[in-house]
Amino acid sequence: MFFMNMKSWTKAIGIAMMAVSLMNASEGSCGGGTTPTPTQPKNKYPIVFVHGFGGFDFLAGIPYFYGVENLLKAQGYQVFMTEESSFNSVEVRAKQLSTQVEKILAITGAKKVHLVGHSMGGLDIRYAATLLLGKDKVASVTSIAAPHHGTKIADLAWEAVRFGKYTPVLNAFISSIGGTITNGRIDLPQDVVTALWNLTSDFTDGGGTNTGAAFNEIVKDLPGVPYFSYAGVTTFHLTLDPADILLAGTSVIFLPEKSDGMVEQSSTHWGTVVSDKLPANHLDETNHLLGDSGEFDAAGFYTSLASKLATTEASFSTLIASK
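Criteria and thresholds
Residues numbered from 1 in each chain as written. Predicted model: local features only at pLDDT ≥ 70, side-chain atom pairs only at ≥ 80, totals over all residues. Heavy atoms only, no water. Core = buried A, V, L, I, M, F, W, Y, C linked by side-chain atoms within 4.5 Å. Buried < 20%, exposed > 50% of the residue type's maximum accessible area, 1.4 Å probe, protein only. Helix = DSSP H or I, 4+ residues; strand = E, 2+ residues; numbered from the N terminus. Contact = heavy atoms within 4.5 Å. Salt bridge = Lys/Arg side-chain N within 4 Å of Asp/Glu carboxyl O.

Colleague: Please set out the nonpolar core residue by residue, giving values where relevant.
Modeller: General note: in soluble globular proteins, nonpolar side chains tend to be found buried as a group. Counting 39 residues, the largest nonpolar core has V48, L115 and V138 as its most contacted members. Elements with a minimum of two residues in this core: β1 (47–50), α3 (90–108), β5 (113–118), α4 (120–133), β6 (138–144), α5 (152–161) and α7 (192–197). Looking at which element gives the most residues to this core, the answer is α4, with 7 residues. Beyond its immediate chain neighbours, meaning those up to four positions away, V138 contacts K112, V113, L115, A129, L133, L222 and V225. Residues V116, L278, A280 and A306 belong to the second largest nonpolar core, which totals 24 residues.

So, in structure tokens, the structure goes:
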């Protein structure tokens, strides 16, 4: 039995109403992005959000970044939510992202985009920016709780999976989930074993079983393009969200280092570390469960992030031109 504070009880009453509202919403999801804000946006370059491992754009009408698109659009920002394979390699996911970015640029007439990725999405946007899009199409790269140096949970899981005899069966099972449930589509390929490998420290930084060049050796930052990173640290609070208890438990794996329950604090550092102490676990960072993000002000965080990107675009342009 979960004990709830008054805030959680209030949210509990509204959760069903919000879910029904979302199911009936006419807001379109992306194959090449969602519909841009019709009025002149605050931001010169669209903000493109990218989900993480096991993610989606909408699942049963519920957005991965809960409420973020509507929030920012209402404030006048031009925002797009993309969709990649829930379970696949960074390379495959980044290529899917790049295709959508090209469509977004065509739709909006913008020359560049701001890329914002949560968790594995942070690796996807780095790959897409460096190897597929280039600095002429990327205004900035912002990661939220991304495992830039892998994560201990993936390391442990990989050790179990790579010696297993049933990886084809595992892939087939997860593919059916990823293709038909999380993605809601069967045209997006799934490969959970490779996805898991891409989240290990061996893949990102090399050594161990990695016989090739490590991800961070290949995917260098684009010159003149600003890179920012954010991350939360798990805080347990009285809530309706069972994930809070789960992630508070998994955070023990990372001790004595702090984490958000899925990625250790040091691994999230890339570019300018704006904040690595947000009072949020790995799901709170995307404003879940249905906005029950505890003491973390997700709406304030994303509003601040959008404002930061929009108000510094002029300085970005100056910096890039000087390189």
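Let's pick the thread back up.
Colleague: Can you break down the pattern of salt bridges residue by residue, with the values?
Modeller: Scanning the model with the defined rule gives 8 salt bridges in all. A salt bridge links D124 to R93, with the shortest nitrogen-to-oxygen separation between them at 2.7 Å. Here D124 is found in helix α4, whereas its partner R93 is found in helix α3, with 31 residues between them in sequence. Here the two residues D124 and R93 agree in accessibility, since each one is buried. The closest approach of N and O atoms between D276 and K277, which form a salt bridge, is 3.1 Å. Classification of D276 as buried rests on a relative accessible area of 10%. K277 sits in the exposed class, given a relative accessible area of 57%. One connected set of salt bridges, linked through shared partners, spans E83, R185 and D187.

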